[in-house]
Amino acid sequence: MEYKIGICDDEAAEQEYVSDLVAKWASGREVTVKTFPSAESFLFQYEEEKDFDILLLDIEMDKMDGVELARRIRRDNEGVQIIFITGYTEYISEGYEVAALHYLVKPVKEEKLFSVLDRAAHNLKKNEKVLVLSHGGEVLRVPLLTIRYLEVQQNYVTVHAAEDVTVKKTLGEFEKELDQRFYRLGRSFIVNLTQIYKITKKEVFLKDGAILPLPRGQYEALNRAFIARL
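Residues numbered from 1 in each chain as written. Predicted model: local features only at pLDDT ≥ 70, side-chain atom pairs only at ≥ 80, totals over all residues. Heavy atoms only, no water.

(A) Highlighting the pattern of salt bridges. Per the counting criterion, the structure on display carries 12 salt bridges. In this structure, Glu110 and Lys24 form a salt bridge, with 3.0 Å as the shortest nitrogen-oxygen distance. On the criterion of sequence distance, the pair formed by Glu110 in helix H4 (residues 110-126) and Lys24 in helix H1 (residues 12-25) is long-range, its members being 86 residues apart. Between Asp208 and Arg148 there is a salt bridge, and its shortest N-O distance comes to 2.4 Å. One end of the pair, Asp208, is in the loop between strand E14 (203-206) and strand E15 (211-213); the other, Arg148, is in the loop between strand E7 (138-143) and strand E8 (149-153), and 60 residues separate them in sequence. Overall, the relative accessible area of 40% leaves Asp208 in the partly exposed class. Under the relative-accessibility criterion, Arg148 is labelled buried at 19%. Among the ionic contacts, a cluster of salt bridges with common partners joins Asp9, Asp58 and Lys106. (Salt bridge = Lys/Arg side-chain N within 4 Å of Asp/Glu carboxyl O. Helix = DSSP H or I, 4+ residues; strand = E, 2+ residues; numbered from the N terminus. Buried < 20%, exposed > 50% of the residue type's maximum accessible area, 1.4 Å probe, protein only.)

As C-alpha cells, this is what we get:
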C-alpha cells in the first residue's frame, strides 16, 4: 500500500527533524511526504488533494493551531490518521474530539514515532475493508469506515453510511461481515464504536447527532468495548 504523509509545523528545524525520521521509517515502503509551514498552507493544498493518509500536526502554531486544523479535516474525512506533536500535555484531552491516533511529545523519539506510524499503517489497511451490498439492481461497495450504525426495520436492515442503504438481510448476517470496531446493541442495532460520542445508562449518542437506545444490562459491556477502541 502506498502512503501519503503530511507534516505541518511552523518551526523549520522541527519540521526537518520529523521529516527525516519519517523518511527513515518509510525505507522499503511506498511513501510520499509533503511538508507545510502552517495550517493555512496545508488547507490550501488539501482543498485540491484530499488524499493524505497520515498527518503529523504540530499543535502550537501561529494563527490556526493543529487542533483546529484537525477539526476542519474531520468534517469530511474520517479515515486520515492524525498524529499530534506537542510540547505540552494539557492538549491531550482535545484529541478525543477529532479521533487523534496519538500524541507525540517533543522532542519526538524515533522509536515512539515508528511505533505510532506502524499503528497508523495498520489502521489504514483495516479501513480498506468494505461491505458488498446488492441494492436496486446495483452492487454497492460500502467501506466499513463510513458506517455509523446498522438498524433493523422489520425484515430489512438499513446501513447508515455516507449514503443510507436498505437491504433485505438479517442483522446476524451483517454481524459476521463486520470487524471488531462494531458492537451489537440488542436485537435492533449494530453501532460503530468509533462513531460514539457519549454513553448514558439508557442511550448511545453518536457524533452525527443520532441517538440509539441502549438495551438494559449492556451499559458496562459497551463502555468496556468503547474504551478499548480509544
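Back to the text.
(B) Broad picture of unusual backbone geometry. With an omega of -5°, the peptide bond running from Lys106 to Pro107 counts as cis. Phi is positive for Lys63, which is not a glycine, with a value near 60°. Positionally, Lys63 belongs in the loop between strand E3 (54-58) and helix H3 (66-74). The phi torsion at Gln154 lies on the positive side, around 55°, for a residue other than glycine. Assignment of secondary structure puts Gln154 in the loop between E8 and strand E9 (156-160).

(C) Expanded view of the packing of H1 against H4. Contact pair H1 / H4: the axes reach a minimum separation of 10 Å and the direction vectors enclose 60°. Between H1 and H4, the interaxial angle falls into the category oblique. With respect to the hand of their crossing, H1 and H4 are arranged in right-handed fashion. From H1, Leu21, Val22, Lys24 and Trp25 reach across to H4, where they touch Glu110, Leu113, Phe114, Leu117, Asp118 and Ala121. For the contact of H1 with H4, the per-class residue count stands at seven nonpolar, no polar and three charged. (Axes fitted to C-alpha atoms, helices over the stretch in contact; angles between N-to-C directions. Parallel < 35°, antiparallel > 145°, perpendicular 65-115°, else oblique. Left-handed = near helix turned anticlockwise from the far one by under 90°. Contact = heavy atoms within 4.5 Å. Nonpolar A, V, L, I, M, F, W, Y, C, P; charged D, E, K, R; others polar.)

(D) Just the sheet that holds strand E13 (residues 196-199), in detail. Pairing within the open sheet is antiparallel, and its three strands lie in the order E13-E14-E15. Two strands in the sheet have a free side with no partner beyond their single neighbour: E13 and E15. The average angle at which neighbouring strand axes cross in this sheet is 25°, direction not considered. Sheet strands in contact with helix H6 (residues 219-229) are E13 and E14, and its direction is about 145° off that of E13. (Pairing = 2+ DSSP bridges.)

(E) A look at H1. Relative to the 20 Å expected for 14 residues at 1.5 Å per residue, H1 spans 20 Å between its end C-alpha atoms, a close match to the ideal helical length. Along H1, the residues classified as buried are Glu14, Gln15, Val18, Ser19, Leu21, Val22 and Trp25. What you see down the axis of H1 is that its buried residues fit within an arc of 160°, all on one side. Among the exposed residues of H1, those oriented more than 90 degrees off its buried face are Ala12, Ala13 and Glu16. Summarising the contacts, the buried residues of H1 are in contact with strand E1 (2-8), strand E2 (30-36), E3, strand E4 (81-86) and H4. (Expected span 1.5 Å × (residues − 1). Arc of directions from axis to C-beta.)

(F) Spotlight on the packing of helix H2 (residues 39-46) against H3. Running from N to C, H2 and H3 cross one another at 15°; their axes reach a closest spacing of 10 Å. It follows that H2 is roughly parallel to H3 by the angle criterion. Note that H2 runs across H3; the crossing there is right-handed. Residues Ala39, Phe42, Leu43 and Tyr46 of H2 form the contact with H3, whose participating residues are Leu69, Arg72 and Ile73. Of the residues that constitute the contact of H2 with H3, the class distribution is six nonpolar, no polar and one charged.

(G) Spatial organisation of the pairing of E9. With four of its five residues buried, E9 lies for the most part within the structure. Where E8 lies against E9, five bridges are found, and the strand directions are antiparallel. Residue Tyr149 lies in a different strand from E9, and its bridge partner there is His160. If you look at the hairpin formed by E8 and E9, you'll find two residues sitting between the two strands, and Gln154 has a positive phi there, around 55°. As paired elements, E9 and strand E10 (residues 165-167) share three bridges and run antiparallel to each other.

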